[in-house]
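Overview (structure and organization)
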Amino acid sequence: MHWNLRLTAAKKGIWKAAELQRSLAEYGLVISSAKMSGLWSGQPLSLKLKDLDVICVASTARSAIC
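The notes below deal with the structure included here. Computed from a predicted model, the values in this text were never measured in an experiment. (Residues numbered from 1 in each chain as written. Predicted model: local features only at pLDDT ≥ 70, side-chain atom pairs only at ≥ 80, totals over all residues. Heavy atoms only, no water.)

**Focus on the overall build of the chain**
As a reminder of what qualifies: Secondary structure is summarised from DSSP: a helix means a run of H or I of at least four residues, a strand means a run of E of at least two, and numbering begins at the N terminus for each. Note on classification: 1.4 Å probe, protein chains only; a residue is buried when its accessible area is under 20% of the maximum for its type, exposed when over 50%, partly exposed between these limits. Contact criterion: two residues are considered in contact whenever any of their non-hydrogen atoms come within 4.5 Å of each other. The method behind every accessible area is Shrake-Rupley, applied with a 1.4 Å probe, and residues are considered shielded solely by the protein chains displayed.
Along the backbone of the chain there are 4 helices and 0 strands. Split into buried and exposed, the 66 residues of the chain put 30% on the buried side. Sequence-distant contacts in the chain: of pairs separated by 6 or more residues, those separated by 24 or more amount to 59%. Counting only carbon and sulfur atoms, one obtains 56% of the accessible surface of the chain, whose full area is about 4,400 Å².

What follows is the structure, encoded as structure tokens:
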């Protein structure tokens, strides 16, 4: 799987990992800075489907990242 969250987020006006992290927390996904770094850098060690679902839901509210 090719992970391109940072580029896709930038296209939607999300420029900082901390901004995305706060948005995800609003939807119930509280993740550590280390895990957020992995997601943002494009090299997540793992990702639960439940977490991916929250990322997609939160992103849809911001003009659909997923």
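**Some thoughts on the pattern of salt bridges**
Rules: Here, a salt bridge means any Lys or Arg side-chain nitrogen found within 4 Å of an Asp or Glu carboxyl oxygen.
Tallied over the full model, the rule gives 1 salt bridge. A salt bridge links D51 to K35, with the shortest nitrogen-to-oxygen separation between them at 3.3 Å. Note that D51 is positioned in helix α4 (residues 49-60) and K35 in helix α3 (residues 33-41), a separation of 16 residues in sequence.

**A closer look at the nonpolar core**
The condition is simple: Definition of nonpolar core: a set of buried residues of the types Ala, Val, Leu, Ile, Met, Phe, Trp, Tyr and Cys, connected through side-chain atoms within 4.5 Å.
Counting residues in each nonpolar core, the largest one holds 14 residues, and the members touching the most others are L20 and L24. Secondary-structure elements contributing two or more residues to this core are α1 (5-11), α2 (17-26), α3 and α4. With sequence-adjacent residues up to four places away left out, L24 is seen in contact with L29, I31, V54, I55 and A58.

**Re the packing of α2 against α3**
Using the following cut-off: Interaxial angles span 0 to 180 degrees and are taken between N-to-C directions of axes, which are lines fitted to C-alpha atoms, for helices over the stretch in contact. For classification, angles of less than 35 degrees are called roughly parallel, those exceeding 145 degrees roughly antiparallel, those between 65 and 115 degrees roughly perpendicular, and all remaining angles oblique. Left-handed describes a crossing whose near helix is turned anticlockwise from the far helix by less than a right angle; the clockwise case is right-handed. Ten residue types, Ala, Val, Leu, Ile, Met, Phe, Trp, Tyr, Cys and Pro, are classed as nonpolar, four, Asp, Glu, Lys and Arg, as charged, and the remainder, Gly among them, as polar.
Where α2 contacts α3, the axes come no closer than 10 Å and their chain directions differ by 115°. When the axis of α2 is compared with that of α3, the two are roughly perpendicular. Crossing hand, α2 versus α3: right-handed. Contacts between α2 and α3 involve A17, L20 and Q21 from the first element and S33, M36 and W40 from the second. Here the residues of the contact of α2 with α3 are counted per class, giving 4 nonpolar, 2 polar and no charged.

**So, α4**
Where we set the bar: Every helix has an expected span of 1.5 Å times one less than the residues it contains. In this context, the arc is that of the directions from the helix axis out to the C-beta atoms.
Look at α4: 16 Å from first C-alpha to last across 12 residues, which is about the 16 Å you get at 1.5 Å a residue. Inspection of α4 places D51, V54, I55, A58 and S59 among the buried residues, and these make up the whole buried set. End-on, the buried residues of α4 take up no more than an arc of 130°, which puts them together on one face. Residues of α4 that are exposed and angled more than 90 degrees away from the buried face: L49 and K50. The inward-facing, buried residues of α4 abut α1, α2 and α3.

**So, the side chain of D51**
A relative accessible area of 8% means that D51 is categorised as buried. Contact partners of D51, with chain neighbours within four places excluded, come to L29 and K35.

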